[in-house]
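Descriptive analysis of the structure
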Amino acid sequence: MSNDPQHIVLIGAGIMSATLGVLLKKLMPAARLSIFECQDKVAAESSDAWNNAGTGHSAFCELNYTPLVDGHVEIGKALGIAENFEVSKQLWAYLKETGAVSWQFPFINAIPHMSAVWGDENIDFLAKRFEAMQKAAIFQDMRYSADHNEISEWAPLLMDGREAATLLAATRMDAGTDVNFGAITRGMIEYLESCENVDINLGHSVSGFTQHANGRWRIEIEDLGRETDLEIDADYVFIGAGGGSFPLLEKTGIEEARGYGGFPISGQFLKCTNPDVIHRHLAKVYGKAAVGAPPMSVPHLDTRYIDGERALFFGPYAGFSTKFLKNGSYMDLPLSIETHNAWPLLAAGIKNVELAKYLVKQVTQSREDRFAELCVYYPNARIEDWELITAGQRVQIIEKDEDEGGVLKFGTEIVCAKDGTVAALLGASPGASTSVSIMLEVIARMFPDEINSRTWQSALTEMIPSYGTSLIDDGELCLSTRARSNAILELNY
Ligand SMILES: Cc1cc2nc3c(=O)[nH]c(=O)nc-3n(C[C@H](O)[C@H](O)[C@H](O)COP(=O)(O)OP(=O)(O)OC[C@H]3O[C@@H](n4cnc5c(N)ncnc54)[C@H](O)[C@@H]3O)c2cc1C
């Protein structure tokens, strides 16, 4: 790419494109950035606070990040997620400290993260998990209790109406957070709008691509307001279209996109409408997922702060829809099936019978069935205090596999062309919490030489002071970095 300044197109105005835009503007101040978003507002899909659970995923409470393998609790994945969240906090702290972004409401709030389990086997697992995790500095200060009185102090609703004979145990990390990812996204996009050489185009849907012989991309865009089509050329393209990334990646025609398919699962929550109940609970309490349930369906009773208001949610309940986006089309799934991904999709379907059974059960649930699940976490709940709301769509990745035909994946995957000119983000977990680390990885894949330059390294260290050092290996640095970010973000634990 010899053009200078370069033109980079970011598709979608969710947290991923917003984060990438902020990082790139610092690294390449002269570059032109164009963001195209099909909705008429920013963060209208998964990044909106009402469309996700707002958990700052740090692996403090999510039991699916610490599997039991041969009698031992593996904490490697949890360490990585906890470190990535501290990286995100550093960028947000930088934006706040430098005044680049001004947020109307605190977008991140201190909320203890708890895990709660019932029955001998689960209690044994939680005790082993606690023992393994508390050795790492990043999980220092985790507490464990099997005492009803103490657990009742930590989370009164959990014990309200519970039989005294119930065997249960819980862990608690005070350093947990609730995050309004929509507010972060809007703040970052407002900041980008104030920068030179950035244009934000709402109501513009990207519909196709052609790569020129010189490597540049022609991008076809529908201007939905004016009902006209336009074409622009760019040096680099990032597809951060959430569930809409699958069809767009296919349209690039790049070799690396072959064999991928997407399977949408929607989320619903029960939202508490009784202010007295909302104010009796101050924690995110995560339990164990049901058999066959996908990892992101772990039930949780969750304090939230949305635009300054405290709220209480329980869920998620999984739903099935053929839409890839909440505001998408029912034809999204059928139209995404092509010859290159038909077999991986079918093979993954055959191998995930338990998931299919689980989804059928979830979709056919009555109001009473959903309420019964809530009562496992809050035995004295009253059905009239809760209403059902629909959150966002997650599109799980189905990837071609030599041995198995196709495998269903619940993580996040970056697909990048060999020449680095186009990259797409697929999947949605652990999601927005780790957006900064994921976007740093996208930058490393698209700009492998530049990222190692002294200028880029120093700009990255200015934004993310721990950049290049492991917060897992360096416990002291981990704790001082966390303390610094918490102070700037006004997280008073
Ligand atoms: C139910 C649920 C609960 C979740 N809970 C959590 C949680 O607790 N913690 C956490 O960290 N993460 C959570 N996540 C995941 C998190 O919300 C996502 O990982 C994150 O918001 C994804 O951001 P994004 O920018 O990739 O996508 P999005 O926010 O979906 O943004 C993509 C944008 O692209 C636009 N777009 C799509 N197609 C086109 C096109 N053709 N042209 C132009 N624009 C287009 C869309 O309109 C949208 O605005 C949850 C997700 C769901 C669904």
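Here's what I pulled together on the structure shown here. (Residues numbered from 1 in each chain as written. Predicted model: local features only at pLDDT ≥ 70, side-chain atom pairs only at ≥ 80, totals over all residues. Heavy atoms only, no water.)

1. Some words on unusual backbone geometry
Counted only if it meets this: Secondary structure elements are defined from DSSP: runs of H or I of at least 4 residues count as helices, runs of E of at least 2 residues count as strands, and each element is numbered from the N terminus.
Look at the link from Gly-315 to Pro-316: it is a cis peptide, with omega at 0 degrees. Mapped onto the secondary structure, Pro-316 falls in strand 18 (residues 309-319). For Asn-197, which is not glycine, the phi dihedral falls at a positive 65 degrees. Assignment of secondary structure puts Asn-197 in the loop between helix 6 (181-194) and strand 10 (198-202). The backbone phi angle of Glu-490 is positive, close to 55 degrees, even though this residue is not glycine. The residue Glu-490 is located in the segment after helix 15 (475-488) in this model.

2. A few points about the packing of helix 1 (residues 15-27) against helix 6
Counted only if it meets this: Structural elements are reduced to axes, namely lines fitted to C-alpha atoms, with helices fitted over the stretch in contact, and the angle between N-to-C directions of any two is expressed from 0 to 180 degrees. An angle below 35 degrees is treated as roughly parallel, one above 145 as roughly antiparallel, one from 65 to 115 as roughly perpendicular, and anything else as oblique. Note on convention: near helix rotated counterclockwise from far helix by under a right angle means a left-handed crossing. Clockwise means right-handed. What makes two residues a contact is simply this: any of their non-hydrogen atoms within 4.5 Å. Basically, the charged four are Asp, Glu, Lys and Arg, the nonpolar ten are Ala, Val, Leu, Ile, Met, Phe, Trp, Tyr, Cys and Pro, and anything else, Gly included, counts as polar.
Contact geometry for helix 1 and helix 6: axes closest at 9 Å, N-to-C directions at 40 degrees. When the axis of helix 1 is compared with that of helix 6, the two are oblique. For the pair helix 1 and helix 6, the sense of crossing is left-handed. Facing helix 1, whose interface residues are Ile-15, Ala-18, Thr-19, Gly-21, Val-22 and Lys-25, helix 6 presents Phe-181, Ile-184, Thr-185, Met-188, Ile-189, Tyr-191 and Leu-192. Here the residues of the contact of helix 1 with helix 6 sort into 9 nonpolar, 3 polar and 1 charged.

3. Structural notes on the site of the ligand
What counts here: Working definition: residue near molecule or strand if any one of its non-hydrogen atoms lies within 4 Å of it. Under this definition, polar contacts are N or O atom pairs within 3.5 Å; protein pairs additionally need one hydrogen-donor-capable and one acceptor-capable atom, and for neighbouring residues in sequence, both atoms have to be side-chain atoms. Surface exposure here means Shrake-Rupley accessible area, sampled with a 1.4 Å probe, where a residue is shielded only by the protein chains that are shown.
Taken together, 37 residues lie near the ligand, and Glu-37, Ser-47, Thr-55, Val-206 and Ser-433 sit nearest. For the ligand, an oxygen atom lies 2.6 Å from a polar atom in the side chain of Glu-37. In this structure, Val-206 approaches the ligand through a main-chain N or O atom, which is 3.0 Å from a nitrogen atom. Burial of the ligand by the surrounding chains reaches 96%, relative to a free accessible area of 1,000 Å².

4. Things to note about the packing of aromatic side chains
We apply this condition: Note on ring pairs: Phe, Tyr and Trp rings are taken, using the six-membered ring of Trp, and paired if centres are within 6.5 Å. Classes follow the plane angle, with under 30 degrees stacked, over 60 edge-to-face and the rest tilted. The buried label goes to any residue with under 20% of its type's maximum accessible area, the exposed label to any with over 50%, and the partly exposed label to all in between, with areas taken from a 1.4 Å probe on protein chains only. Whether a charge sits over a ring depends on NZ of Lys or CZ of Arg being within 6 Å of the ring centre and within 35 degrees of the ring normal.
Considering all chains together, one arrives at 14 aromatic pairs under this definition. When the ring of Phe-314 is compared with that of Tyr-377, the centres are 5.4 Å apart and the planes differ by 45 degrees; the resulting orientation is tilted. Residue Phe-314 is found in strand 18, and its partner Tyr-377 is found in helix 12 (residues 367-377); the two are separated by 63 residues along the sequence. A relative accessible area of 5% means that Tyr-377 is categorised as buried. A network of ring pairs unites the aromatic residues Phe-85, Trp-92, Phe-107 and Phe-181 as a single cluster. Sitting over the face of the ring of Phe-313, Arg-304 holds its NZ or CZ atom 5.0 Å from the ring centroid. The residue whose ring lies beneath Arg-370 is Tyr-317, and the NZ or CZ to ring-centre distance is 5.8 Å.

5. Remarks on helix 10 (residues 339-351)
Heads up, the rule is: Arc, as used here, means the arc of the directions from the helix axis to the C-beta atoms.
The set of residues buried in helix 10 consists of His-340, Asn-341, Pro-344, Leu-345, Ala-347 and Ala-348. The buried residues of helix 10 all sit within an arc of 165 degrees when viewed along its axis, so they share a single face. More than 90 degrees from the buried face of helix 10, the exposed residues found are Thr-339 and Ile-350. Buried residues along helix 10 sit against helix 7 (245-252), strand 15 (260-272), helix 9 (332-336), strand 19 (386-401) and strand 20 (405-409).

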